[in-house]
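Below are the chains, spelled out letter by letter.
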Amino acid sequence: MSENLDLIPEAAVRAVLQDILGLSAEQVSAFTADTELFGALPELDSMAVASLLTELEDQLGIMIEDEEIDGELFETFGNLVAFAEMKVSA
């Protein structure tokens, strides 16, 4: 996945979740800010987290530092989108 999604963080997060986790477009399009991710999606394990972060960096042209990653980041879809939006606008 190498197309740039015009730096729209929510669209990029949805596309990356679909691509990296192998989720259906229907499932990902139904995600709301409160949709639980880590612990609720069996596809989202520690290896998938690393791939997801790398792909978000590529898609959004951002750098994610190790110290920015914590458990809350992957609790909900909304948390992940908010983080991506903050990184893009930084």
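First, a word on scope: everything that follows refers to the structure included in this document.

Let us now look at helix α3 (residues 46–60). Compared with the 21 Å implied by 1.5 Å per residue over 15 residues, the 21 Å span of α3 between its first and last C-alpha is a close match. Taken together, the buried positions of α3 are A48, V49, L52, L53, E55, L56, E57, Q59 and L60. Next to the buried residues of α3 lie α1 (9–21) and α4 (77–89). Taken from the residues just after α3, G61 is the one with a positive phi, measuring 65°.

Axis separation between α1 and α3 bottoms out at 10 Å; the angle between their running directions is 140°. Between α1 and α3, the angle is such that the two are oblique. Considering the relative orientation of α1 and α3, their crossing is right-handed. Of the residues in α3, those touching α1 at P9, A12, V13, V16, L17, I20 and L21 are A48, S51, L52, E55, L56, Q59 and L60.

Looking at soluble globular proteins, one finds that nonpolar side chains tend to be buried together. Of all hydrophobic cores here, the largest spans 26 residues; its most connected members are V13, F31, L44, L52, F74 and L80. Only α1, α3 and α4 provide two or more residues apiece to this core. Here the element with the most residues in this core is α3; it accounts for 6 residues. Look past the residues within four positions of L80 in its chain and what remains in contact with it is V13, L37, L52, L56, L73 and F74.

Throughout the structure, instances matching the rule amount to 2 salt bridges. In this structure, R14 and E10 form a salt bridge, with 2.7 Å as the shortest nitrogen-oxygen distance. Within this pair, R14 and its partner E10 are both found in helix α1, separated by 4 residues, close to a single helical turn. Of the charged contacts in the structure, one is a salt bridge between E68 and K87, with a shortest N-O distance of 2.9 Å. Placement of the pair is E68 in the loop between α3 and α4 and K87 in helix α4, with a sequence separation of 19 residues. Judged by its relative accessible area of 15%, K87 is buried.

Analysis parameters
- Residues numbered from 1 in each chain as written.
- Predicted model: local features only at pLDDT ≥ 70, side-chain atom pairs only at ≥ 80, totals over all residues.
- Heavy atoms only, no water.
- Helix = DSSP H or I, 4+ residues; strand = E, 2+ residues; numbered from the N terminus.
- Expected span 1.5 Å × (residues − 1).
- Buried < 20%, exposed > 50% of the residue type's maximum accessible area, 1.4 Å probe, protein only.
- Contact = heavy atoms within 4.5 Å.
- Axes fitted to C-alpha atoms, helices over the stretch in contact; angles between N-to-C directions.
- Parallel < 35°, antiparallel > 145°, perpendicular 65-115°, else oblique.
- Left-handed = near helix turned anticlockwise from the far one by under 90°.
- Core = buried A, V, L, I, M, F, W, Y, C linked by side-chain atoms within 4.5 Å.
- Salt bridge = Lys/Arg side-chain N within 4 Å of Asp/Glu carboxyl O.

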